[in-house]
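Fold and contact review
Each chain, written out:
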Protein chains: 2
Amino acid sequence: MKRLLLTLAATATLAVSLPAAAQFQKSEDAIKYRQGAFNLIAAHFGRVAAMASGRAPFDAKAAAENAALASTLASLPFGAFGEGTDKGLPNRAKADIWKDAAKFKAAGDKMVAEMGKLDAAAKTGSLDAIKAAVGGVGGSCKGCHDDFRAERYSN
Amino acid sequence: MKRLLLTLAATATLAVSLPAAAQFQKSEDAIKYRQGAFNLIAAHFGRVAAMASGRAPFDAKAAAENAALASTLASLPFGAFGEGTDKGLPNRAKADIWKDAAKFKAAGDKMVAEMGKLDAAAKTGSLDAIKAAVGGVGGSCKGCHDDFRAERYSN
């Protein structure tokens, strides 16, 4: 898990030192943190995705700012999936996150990488480049959710 | 409210365009977002504060990274206090947030400014500078919580 964190942090726009387990006193804290981080990622990525799909007018500056922020945030939740954080608050983490840690790591790495590409695309100001990169991010979100996020909250 | 957001965004390390009301479809979304943002701010500020108080060993690189992230996040929650977002999910926002918007704006501005000072202090690598700046941030958190955060969740 520590290696996952270091790898993800290293690829993030703003690398943050995360000595994993030491960061959260209680499982509840880790769950709240990762849910909060995913919420912010979804909100800021969503603002760019809305422009890419035409649901919102294209604003190159706002797209670049929201993509940069989403990329900065992208690696954060993965610092909060330590062993034993499956319970403590209602959450949708599947047991496979811990059973198949390598696959979960790859899925997290993929999202962080795709969000980095979106950040780079948005900096160019090209809506076509943004559209392509939004598709990549969306696919990485869905892939991880399909495998590692349960339909319903439990615990 | 829009002016508040623009002012806060302009003072943040990473300014994000926030055309306020348009960002959240439902009050519930705004409440989840701001609670998530405050959670992340508290977590990353808390890591620096723990070093400042001696509860955690001082690591200049980690302090600088966490302070930078907290400063980037600092203005975000204030984009999610639009009119009508007092209800929708259990939350601790007092009515004074909307009744005395100028005072709330000042309290938010203060926290964002103090977090910016902490970011600058942490970049110097001086633990003494960090300690002083942590005190400033802590005071701004407490001041706003005293005035605008209820003891108990409601709604």
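Going by the structure above, here's the rest.
Conventions used here
- Residues numbered from 1 in each chain as written.
- Chains lettered and ligands numbered in written order.
- Predicted model: local features only at pLDDT ≥ 70, side-chain atom pairs only at ≥ 80, totals over all residues.
- Heavy atoms only, no water.
- Helix = DSSP H or I, 4+ residues; strand = E, 2+ residues; numbered from the N terminus.
- Buried < 20%, exposed > 50% of the residue type's maximum accessible area, 1.4 Å probe, protein only.
- Contact = heavy atoms within 4.5 Å.
- Areas by Shrake-Rupley, 256 points an atom, 1.4 Å probe, with all protein chains shown as cover.
- Salt bridge = Lys/Arg side-chain N within 4 Å of Asp/Glu carboxyl O.
- Phe/Tyr/Trp six-rings, centres within 6.5 Å; stacked < 30°, edge-to-face > 60°.
- Lys NZ or Arg CZ within 6 Å of the ring centre and 35° of its normal.
- Expected span 1.5 Å × (residues − 1).
- Polar contact = N/O pair within 3.5 Å; in protein donor to acceptor, adjacent residues only side chain to side chain.
- Axes fitted to C-alpha atoms, helices over the stretch in contact; angles between N-to-C directions.
- Parallel < 35°, antiparallel > 145°, perpendicular 65-115°, else oblique.
- Left-handed = near helix turned anticlockwise from the far one by under 90°.

Here we take up the overall build of chain A. Counting secondary structure elements, chain A contains six helices and two strands. Seen in sequence order, chain A has helices and strands lined up from the N terminus as α-α-α-β-α-α-α-β. Buried residues in chain A amount to 48% of all 155 residues. Taking contacts inside chain A between residues at least 6 apart in sequence as the whole, the part at least 24 apart equals 78%. On chain A, roughly 7,200 Å² of surface is accessible, and the fraction owed to carbon and sulfur atoms is 57%.

Residue and element names in this part refer to chain B. Tallied over the full model, the rule gives 18 salt bridges over all chains. The salt bridge involving D86 is made with K87; its shortest N-O contact spans 3.6 Å. According to the relative accessible area criterion, D86 is partly exposed, its value standing at 27%. Residue K87 is classed as partly exposed on the basis of its relative accessible area, which comes to 48%. The salt bridge partner of K103 is D147, with a shortest N-O separation of 3.6 Å.

Under the defined criterion, the tally for this structure stands at 16 aromatic pairs over all chains. Where B:F81 meets B:W98, the ring centres are 6.3 Å apart and the plane angle is 55°; that geometry is what we call tilted. With B:F81 in the loop between α3 (60-73) and β1 (91-93) and B:W98 in helix α4 (residues 96-99), the pair connects residues that are 17 residues apart, well separated along the chain. Like B:F81, the residue B:W98 is buried in the burial classification. What links up through ring pairs into an aromatic cluster is the set A:F38, A:F78, A:F81, A:W98, A:F104 and A:F148. A cation over an aromatic ring shows up here: A:R47 above the ring of B:F24, its NZ or CZ 5.3 Å from the ring centre. Taking the ring centre of B:Y33 as reference, the NZ or CZ of A:R47 above it sits at 5.7 Å.

Moving on: α3(B). Between its first and last C-alpha, α3(B) extends 20 Å over 14 residues, near the 20 Å set by a 1.5 Å rise per residue. Counting buried positions over the 14 residues of α3(B) gives 11, a clear majority of the element. Along α3(B), the residues classified as buried are B:A62, B:A63, B:E65, B:N66, B:A67, B:A68, B:L69, B:A70, B:S71, B:T72 and B:L73. Its buried side turned inward, α3(B) meets α2 (27-52) and α3 (60-73) of chain A together with α2 (27-52), α5 (101-124) and α6 (127-148) of chain B. Capping of α3(B) at its N-terminal end is provided by B:D59; its side-chain oxygen lies 3.1 Å from the backbone amide nitrogen of B:K61.

Here the focus is the packing of α2(A) against α2(B). Close contact between α2(A) and α2(B) brings their axes to 8 Å; oriented N to C, the two are set at 120°. In terms of axis orientation, α2(A) runs oblique to α2(B). The two elements α2(A) and α2(B) meet at a crossing, and its hand is left-handed. Contacts from A:K32, A:Y33, A:G36, A:A37, A:N39, A:L40, A:A43, A:H44 and A:R47 of α2(A) reach α2(B) at B:K32, B:Y33, B:G36, B:A37, B:N39, B:L40, B:A43, B:H44 and B:R47.

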